[in-house]
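# Inside the fold
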Amino acid sequence: MSLLEKTVKEIYPQDASSREKAKTRLDNLAIPHWALGDLMDLALDIAGMTGTVKPSVKKKAILTMAGDHGVVAENVSKYPSEVTPQMVYNFVAGGAGINALSKQAGANIFVVDMGVAADLKDLADAGKIINKKVGLGTGNIAKGPAMSRTMAVRALESGIDIANELSAEYDIFGTGDMGIGNTTPSTAIAAVCTGEPLEALTGRGTGLNDDQLVHKTNVIKQALEINKPDPKDGVDILAKVGGFEIGGLAGLILGAAANRKPIVVDGFISTAAALIAYTIEPFVRDYLIFSHKSVEPGHKAMQLKLGCEKPLLDLNFRLGEGTGAAVAMNLVEGAVAILTEVATFEEAAVAEADK
Ligand SMILES: O=C(O)c1ccc[n+]([C@@H]2O[C@H](COP(=O)([O-])O)[C@@H](O)[C@H]2O)c1
Ligand SMILES: Cc1cc2nc[nH]c2cc1C
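Since this is a predicted model, take the numbers as computed values, not measurements. (Residues numbered from 1 in each chain as written. Chains lettered and ligands numbered in written order. Predicted model: local features only at pLDDT ≥ 70, side-chain atom pairs only at ≥ 80, totals over all residues.)

## A short note on the site of ligand 1
Residues in contact with ligand 1 amount to 23 residues; listed here are only the nearest, Ser 77, Gly 205, Gly 267, Ser 294 and Gly 320. Among the elements of the structure, strand 4 (172-178), helix 8 (183-194) and helix 13 (268-280) are those that each provide at least two residues to the shell around ligand 1. (Near = placed C-beta within 6 Å. Helix = DSSP H or I, 4+ residues; strand = E, 2+ residues; numbered from the N terminus.)

## Details of unusual backbone geometry
A negative phi holds for most residues other than glycine; trans holds for most peptide bonds. For Asn 75, which is not glycine, the phi torsion reads 60 degrees and is therefore positive. Inspection of the secondary structure assignment puts Asn 75 in the loop between strand 1 (60-67) and helix 4 (83-93). Judged by local crowding, Asn 75 falls into the partly exposed class, with 13 C-beta atoms found within 10 Å. Of note, Glu 321 is a non-glycine position whose phi angle comes to about 70 degrees, a positive value. Among the secondary structure elements, Glu 321 is positioned in the loop between strand 8 (313-317) and helix 15 (323-341). Overall, the presence of 29 C-beta atoms within 10 Å leaves Glu 321 in the buried class. (Buried ≥ 20, exposed ≤ 12 C-beta atoms within 10 Å, placed from the backbone.)

## A look at the sheet that holds strand 4
With parallel pairing, 6 strands are arranged side by side in an open sheet as 3-2-1-4-5-6. Where the open sheet ends on each side, the last strands, each with one partner, are strand 3 (130-131) and strand 6 (288-290). Of the pairings in the sheet, the one linking strand 4 to strand 5 (residues 263-265) comprises 2 bridges and is parallel in character. Bridging across to strand 5, Phe 173 finds its partner in Ile 263. Seen against the sheet, helix 13 touches strand 4, strand 5 and strand 6 and runs at an angle of roughly 115 degrees to strand 4. In the packing of helix 15 onto the sheet, contacts are made with strand 1, strand 2 (107-115), strand 4, strand 5 and strand 6, and the angle to strand 4 comes to roughly 165 degrees. (Pairing = 2+ DSSP bridges. Contact = placed C-beta atoms within 7 Å. Axes fitted to C-alpha atoms, helices over the stretch in contact; angles between N-to-C directions.)

## With respect to helix 15
For helix 15, which comprises 19 residues, the first-to-last C-alpha distance of 27 Å matches the rise-based estimate of 27 Å (1.5 Å per residue) to within 8%. Met 329 marks the point of greatest bend in helix 15, at about 25 degrees. For helix 15, the full list of buried residues reads Thr 323, Gly 324, Ala 325, Ala 326, Val 327, Ala 328, Met 329, Val 332, Ala 335, Val 336 and Leu 339. (Expected span 1.5 Å × (residues − 1). Bend = angle between axes of the 7 residues up to and from the residue.)

## Structural notes on the site of ligand 2
Looking at ligand 2, the residues that line it are Tyr 79, Val 83, Met 87, Met 178, Thr 206, Leu 319, Gly 320 and Glu 321. Counted by class, the shell around ligand 2 contains 5 nonpolar, 2 polar and 1 charged residues. (Nonpolar A, V, L, I, M, F, W, Y, C, P; charged D, E, K, R; others polar.)

## Focus: the environment of Phe 244
Structurally, Phe 244 is set in helix 12 (residues 244-258). By the C-beta count within 10 Å, which is 34 here, Phe 244 ends up buried. Expressed as a C-alpha distance, the spacing of Phe 244 and Asp 113, which sit 131 residues apart in the sequence, is 9.0 Å. For Phe 244, the residues in contact, after removing those within four places along its chain, are Gly 67, Met 114, Gly 115, Val 134, Gly 135, Thr 138 and Ala 155.

## What to know about the UniProt feature "active site" (unreviewed entry) in the protein chain
If you check UniProt for "active site" (unreviewed entry), the listed places come out as Glu 321 in our numbering. When near neighbours in sequence (up to four residues on either side) are disregarded, Glu 321 contacts Thr 64, Ala 96, Gly 97, Ile 98, Gly 176, Asp 177 and Met 178. (UniProt positions renumbered as here; feature names shortened; annotations may be inferred.)

## Details of the nonpolar core
With 113 residues, the main nonpolar core has Ile 253, Leu 254 and Ile 276 as its most contacted residues. Once residues within four sequence positions are removed from consideration, Leu 254 is found in contact with Thr 7, Val 8, Ile 11, Leu 156, Ile 160, Ala 277, Ile 280, Glu 281 and Val 284. (Core = buried A, V, L, I, M, F, W, Y, C linked by C-beta atoms within 7 Å.)

## Looking at the environment of Gly 179
Mapped onto the elements, Gly 179 comes out in the loop between strand 4 and helix 8. Under the C-beta neighbour-count criterion, Gly 179 is labelled buried, with 32 such atoms within 10 Å. For the pair formed by Gly 179 and Gly 67, sequence separation is 112 residues and the distance between their alpha carbons is 5.1 Å.

## Side note on the pairing of strand 1
Among the 8 residues of strand 1, 8 are classified as buried, and the element is accordingly described as predominantly covered. What you see with strand 1 is no split at all: Lys 60, Ile 62, Thr 64 and Ala 66 on one side and Ala 61, Leu 63, Met 65 and Gly 67 on the other are buried throughout. Pairing analysis gives 8 bridges linking strand 1 to strand 2, with the strands arranged parallel. Bridge pairing links Gly 67 to Gly 115 in strand 2.

Structure follows, in structure tokens:
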């Protein structure tokens with residue numbers, strides 16, 4: 001059995017008994033009933049995911065996975081592909097948005113080369129990044145598939161390997177991405193998985209103007225017509241219109257769910273990865289925490305497809321890198337503190353409401 005097949009078999013729904021025990025405790029906290037609202041619902045979820053009423057989310061890992069995209073040749077991004085390796089060097093130097101926000105949240109950041117179109121051997125040899133390079137950028141999806149099925153499985157299994165290795169030390173994972181052009185494959189995945197029209201899903205990414213936005217929509221339309229991904233087959237969608245970092249993140253999500261670890265899903269690209277993981281195994285949904293709503297218009301439909309009506313934050317983010325996941329980890333820690341530190345009416349000797 002392959003690592004992917006084995007991992008999928010190990011993903012179960014949340015633990016109902018831990019959820020129930022957490023519910024009883026939260027119902028009896030010395031506060032007006034459910035007065036900490038959504039954070040209490042989040043605490044229930046974390047109990048269900050981890051299978052304990054005393055979960056820890058202290059050890060936090062954010063995986064920022066990088067890859068390049070052949071479709072950038074179609075002028076679908078405001079920036080050139082060179083920015084992808086340049087930003088990898090910036091992550092390593094500590095000067096990116098994710099460096100500041102992960103440090104603030106007390107999370108360790110791991111940068112992964114899933115398929116950057118540049119030689120990053122110096123960084124890998126120095127142990128500054130994790131090398132899982134599947135290729136030097138994907139094929140141009142407007143002309144053919146992004147990658148072979150074998151490469152798609154390799155990308156997924158690389159993410160699973162990372163989840164399995166880090167699960168020994170870390171309590172919770174956050175997803176992050178870096179890849180010039182990657183809102184284009186992410187929108188294609190959104191279209192295949194939600195069935196919504198491309199005009200409603202396609203956005204400006206790093207900052208396209210009105211004409212460029214129409215052009216990008218047409219390029220994605222062409223990519224879907226040429227490749228015809230099978231909506232029921234997550235590996236096929238990834239191979240035909242995905243990306244190496246999207247595959248790595250989908251694998252990370254599958255692997256973390258198999259290890260019963262919560263995953264804080266970042267923005268638009270990370271949610272495309274979550275849709276790939278969900279198409280492969282729908283139970284992964286039980287382990288996802290949605291950090292925020294991205295400015296990309298398609299994000300809402302993708303989150304709804306994954307059962308999320310209201311992500312934790314709405315801050316006009318459109319950066320990626322794992323920045324939304326980092327900010328949301330503060331709230332996740334708050335949710336766990338409510339469950340594990342607030343006294344019940346009985347423990348605090350506070351009079352309960354009249355029945
Ligand atoms: O995560 C998001 O919601 C998000 C929305 C728009 C852009 N991005 C980032 O910007 C890059 C992709 O944008 P683009 O225009 O090149 O497709 C890539 O590096 C992403 O991390 C990220
Ligand atoms: C500078 C820059 C930083 C990024 N971080 C994630 N996507 C990005 C895109 C650009 C262009």
